[in-house]
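Remarks on the overall topology
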Number of protein chains: 2
Amino acid sequence: MKLINTAMIVGLFSMQAQAADWQALPDVAPAPADNPTTAEKVELGKMLYMDPRFSSTGTVSCNSCHNVMEGGDDSRSFSMGVHGKTGGRNAPTVWNSAFHSVQFWDGRAPLLEDQAKGPVANPVEMGMRDVETAMQRVKSIPGYKAYFDRAFGPDSMNVDNAAKAVAAFERTLITPNSAYDKYVKGDKTAMNAQQIRGMNKFASSGCTSCHSGAAFNGPQMKVGDGFYAKFPTFNNAYVSKYKLADDKGREEVTGKEADRNKFRVQTLRNITDTAPYFHNGSVNDLEEAVRIMAKSQLNQDLSAKDVGDIVAFLGALTGEYPEIVMPRLPATSGSSIIAD
Amino acid sequence: MKLINTAMIVGLFSMQAQAADWQALPDVAPAPADNPTTAEKVELGKMLYMDPRFSSTGTVSCNSCHNVMEGGDDSRSFSMGVHGKTGGRNAPTVWNSAFHSVQFWDGRAPLLEDQAKGPVANPVEMGMRDVETAMQRVKSIPGYKAYFDRAFGPDSMNVDNAAKAVAAFERTLITPNSAYDKYVKGDKTAMNAQQIRGMNKFASSGCTSCHSGAAFNGPQMKVGDGFYAKFPTFNNAYVSKYKLADDKGREEVTGKEADRNKFRVQTLRNITDTAPYFHNGSVNDLEEAVRIMAKSQLNQDLSAKDVGDIVAFLGALTGEYPEIVMPRLPATSGSSIIAD
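Residues numbered from 1 in each chain as written. Chains lettered and ligands numbered in written order. Predicted model: local features only at pLDDT ≥ 70, side-chain atom pairs only at ≥ 80, totals over all residues. Heavy atoms only, no water.

1. Digging into the overall build of chain A
Per the secondary structure count, chain A includes 13 helices and 2 strands. Its C-alpha atoms give chain A a radius of gyration of 21 Å, near enough to 20 Å, the size a compact globule of 340 residues would have. Overall size of chain A, expressed as C-alpha extent along the three principal axes, is 65 × 45 × 35 Å. Expressed as a percentage of its 340 residues, the buried residues of chain A come to 57%. Within chain A, contacts between residues separated by at least 24 positions form 70% of all contacts whose residues are at least 6 apart in sequence. Here chain A displays about 14100 Å² of accessible surface, and carbon together with sulfur accounts for 53% of that area. (Helix = DSSP H or I, 4+ residues; strand = E, 2+ residues; numbered from the N terminus. Rg over C-alpha atoms; globule rule 2.2 N^0.38 Å. Buried < 20%, exposed > 50% of the residue type's maximum accessible area, 1.4 Å probe, protein only. Contact = heavy atoms within 4.5 Å. Areas by Shrake-Rupley, 256 points an atom, 1.4 Å probe, with all protein chains shown as cover.)

If you want it as structure tokens, here you go:
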């Protein structure tokens, strides 16, 4: 049987002017059965997330590229890791990442627990030889033991638990109570007229074919089953201008040509705070990003008014960021563990 | 008149087994008359201090090298700035920096307000062309205006006020209530027997000749008048091993040979949390640092017991770090200001 072309599927969806199923963001993120979120794990996870000493140079923490003081990313096209090295994909926001059923742009990790281990040993990110070497550093800081004990019990200082703690912290990084959330919960004054027009245009144009659900990242899938879309689907002048088709996307993971240029559908929440845009961070303007998505995914040329309305609606998806108290990172008492 | 050799002066001081004038750390840091500390300035200053977008790459903030989640520095010998570049001196701790009468190792800035402008335009630190260019970035982020208005009044978005705000925040970064502070305030149980022995040895060895006062950084001086010491004063095997005399120190600022190898006397507060040690960060062990100081400044060989006692006493200088809520950095709404 011949594979149905993804472009055709997306095209078909876009024909249907569906009444969208508008959902508010839950107040609590789901957690896997083997890692229920506890205050003790969150406390430890926050420390590990913020601690730069588990990068080879001691300069890069999770928060360096996924800055929770900002939109959960780093304002850069490609993040900068140890020794000023840069990667090849834009850092996705950590905010609401708990609502993705797979992690990374190409969905190569099912859970936040799996994702957390990736950057540590990536030579252009945190640059450690491997996660075990990073874990040796954690173990060499005496103060961490008590936090592992409280979160996971005795003799629990290992990579899996460190990743579980980071994931537990990340599951608290959600942003409910946006203007949109209030609106769909019944407060019809929460969005202004332009935002409501944008919301309707967002649905009638077909954006909701992919960007549906509470996090605007597609239908709820089983963990590990990603909701992917081919980007770009339609060829046009934007594709070469912004090199949109140069990244093979999920094909890099599966080796299947059918997965070429496929990427996990990203959340749109807080998108006003996460420029630049797309997997290659090539577009530094939200209006341009909206025009490109309409043209490349739905083969539509939006009017300037429609673009403005949709951008106004996207602004209504910026939620309440919770207050975070800075952790106090345990000291190594009289010596440094950084030698690079 | 022949200049009196600094080594002789330090040597003479060390002969006097003075009864030290033990002082607790004040609960509030002094502020200059033209920049009284206010909650509004502290709030703005904390944001600017934490915001990496005022470095060329968007990756380096004040907090990158002076991390308030740690000992106020970065665990590195030499800090790593934009593009992985490194400087030539160890990052001094920001904690209690308000108690220094001059800033930087060589005292080239009198006030924290002056210091704050330095790293922004340093090519191996934040790498901006100049502070005005950095200020253009601040101005391009709409959300900052309201914070400047509140802190300094209308039309106040300029470099001087940005520096004043950062300095105001830094003046809140003080760590009172160490075991030592409690002890000198009358709680004789606050330090253990080893720490008390170390305290006495610290004084009788002559460490207090330089490391006196509430912050253990020398006598209180007029702002702009630094309290400097030649390091190393005595030559010995440590000097070549750790390249201690390679840095001309304050001579780089004044051009005077008499200032060769002179450095501002550093605070010893929280020193357990600020390894590695010295202006070149060459010594990664507090016991070794104590041995070196005794030998190079006081021409003494301390016994292992004395070294252990003094290190225990230095541990009693680690105070209470205040809780800091992470600031929410205003977004640029739909575009990034980072292009590097």
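2. Overview of the interface of chain B and chain A
Facing 40 residues of chain B, the contacting portion of chain A comprises 40 residues. Between chain B and chain A, a total of about 3300 Å² is buried, with carbon and sulfur atoms accounting for 57% of that surface. Summed over the three residues of chain B that lose the most area to chain A, namely M69(B), M326(B) and R328(B), the buried surface amounts to 23% of that side. Viewed at the interface, chain A and chain B are joined by 2 salt bridges. (Buried area = accessible area lost by both parts, 1.4 Å probe. Salt bridge = Lys/Arg side-chain N within 4 Å of Asp/Glu carboxyl O.)

3. Quick notes on the layout of surface pockets
One number sums up the size of the largest pocket: a volume of about 720 Å³. Across the lining of the largest pocket, the residue classes tally to 23 nonpolar, 14 polar and 3 charged. (1 Å grid on protein atoms, 1.4 Å probe; cavity = no way out; pocket = protein on both sides within 12 Å on 5 of 7 lines; lining within 4 Å. Points joined across faces, edges and corners; volume = space filled by probe spheres on them. Nonpolar A, V, L, I, M, F, W, Y, C, P; charged D, E, K, R; others polar.)

4. As for the relation of the copies chain B and chain A
In screw terms, the move from chain B to chain A is a rotation of 180° and a rise of 0.0 Å along the axis, fitting with an RMSD of 0.0 Å. Accordingly, the operation relating the two chain copies is best matched by a two-fold axis. In this assembly, 100% of the residues forming the interface of chain B have copies in chain A that are likewise at the interface, indicating an isologous arrangement. (Least-squares fit on C-alpha atoms with pLDDT ≥ 70 in both.)

5. Let's talk about the packing of helix α9 (residues 193–205) of chain A against helix α13 (residues 304–315) of chain A
Residue and element names in this part refer to chain A. Where α9 meets α13, the closest approach of the two axes is 7 Å, and the angle between their N-to-C directions is 105°. By the angle between their directions, the pair α9 and α13 is classed as roughly perpendicular. Contacts between α9 and α13 involve Q194, Q195, R197, G198, M199, K201 and F202 from the first element and K305, D306, G308, D309, I310, A312, F313, L314 and G315 from the second. Along the lines of polarity and charge, the residues of the contact of α9 with α13 split into 6 nonpolar, 5 polar and 5 charged. (Axes fitted to C-alpha atoms, helices over the stretch in contact; angles between N-to-C directions. Parallel < 35°, antiparallel > 145°, perpendicular 65-115°, else oblique.)

6. Topic: the pattern of salt bridges
In this structure the tally under the stated criterion is 36 salt bridges over all chains. Across the pair E113(A) and R171(A) runs a salt bridge, and its minimum N-O distance is 2.8 Å. A residue pair is termed long-range when its members are at least 10 positions apart, and E113(A) in helix α4 (residues 112–115) and R171(A) in the loop between α7 (159–170) and α8 (179–184) qualify at 58 residues. A salt bridge links D247(B) to R89(B); the nearest nitrogen and oxygen atoms lie 2.7 Å apart. Here R89(B) lies in the loop between α3 (62–65) and α4 (112–115) and D247(B) lies in the loop between α10 (237–241) and α11 (251–254), a separation of 158 residues in the sequence. Classification of D247(B) as buried rests on a relative accessible area of 14%. Via salt bridges that share partners, R89(A), D106(A), R108(A) and D247(A) belong to a single interconnected network.

7. A few points about unusual backbone geometry
All names here are of chain B. Following F231, the chain continues to P232 via a peptide bond in cis, the omega torsion being 0°. The omega angle of the peptide bond from A275 to P276 is -5°, so this bond is cis rather than trans. Looking at the secondary structure, you find P276 in the loop between β2 (262–264) and α12 (286–298). Although it is not a glycine, F216 adopts a positive phi angle of roughly 60°. Turning to its location among the elements, F216 is positioned in the loop between α9 (193–205) and β1 (228–230). A residue is classified by how much of its surface remains accessible, and F216, at 1% relative accessible area, is buried.

8. Observations regarding the packing of aromatic side chains
Within the structure shown, the criterion is met by 29 aromatic pairs over all chains. For the pair W22(A) and Y180(A), a centre-to-centre distance of 6.1 Å together with 70° between the ring planes defines the contact as edge-to-face. With W22(A) in the loop between α1 (6–15) and α2 (39–50) and Y180(A) in helix α8, this pair connects stretches of sequence that are 158 residues apart. Since its relative accessible area comes to 25%, W22(A) is described here as partly exposed. For Y180(A), a relative accessible area of 0% translates into the label buried. Geometrically, the ring pair formed by F202(B) and F313(B) is tilted, given 5.3 Å between the ring centres and 55° between the ring planes. With F202(B) in helix α9 and F313(B) in helix α13 (residues 304–315), this residue pair connects regions lying 111 residues apart in the sequence. (Phe/Tyr/Trp six-rings, centres within 6.5 Å; stacked < 30°, edge-to-face > 60°.)

9. So, the environment of Q266(B)
All names here are of chain B. Here Q266 is to be found in the loop between β2 and α12. Residue class for Q266 comes out buried when judged on its relative accessible area of 14%. Linking Q266 and F216, residues 50 residues apart in sequence, is a C-alpha distance of 7.5 Å. With sequence-adjacent residues up to four places away left out, Q266 is seen in contact with P92, H100, W105, H211, F216 and N217. A polar atom in the side chain of Q266 sits 3.0 Å from the backbone oxygen of R264. (Polar contact = N/O pair within 3.5 Å; in protein donor to acceptor, adjacent residues only side chain to side chain.)

10. What about the confidence of the model for chain A?
All names here are of chain A. When the pLDDT values of chain A are averaged, the result is 94; 94% of them are 70 or greater. This stretch, residues 1–18, has a pLDDT under 50; its non-local contacts, to residues over four places away or in other chains, come to 14 contacts. Two summary scores accompany this predicted model of the complex, namely pTM at 0.93 and ipTM at 0.92. (pLDDT = per-residue confidence, 0-100.)

11. Description of the environment of S209(B)
Residues and elements named next belong to chain B. Positionally, S209 belongs in the loop between α9 and β1. In this structure, the C-alpha to C-alpha distance between S209 and Q103, residues 106 residues apart in sequence, is 20 Å. There is a polar contact of 2.6 Å between the side chain of S209 and the backbone oxygen of G206.

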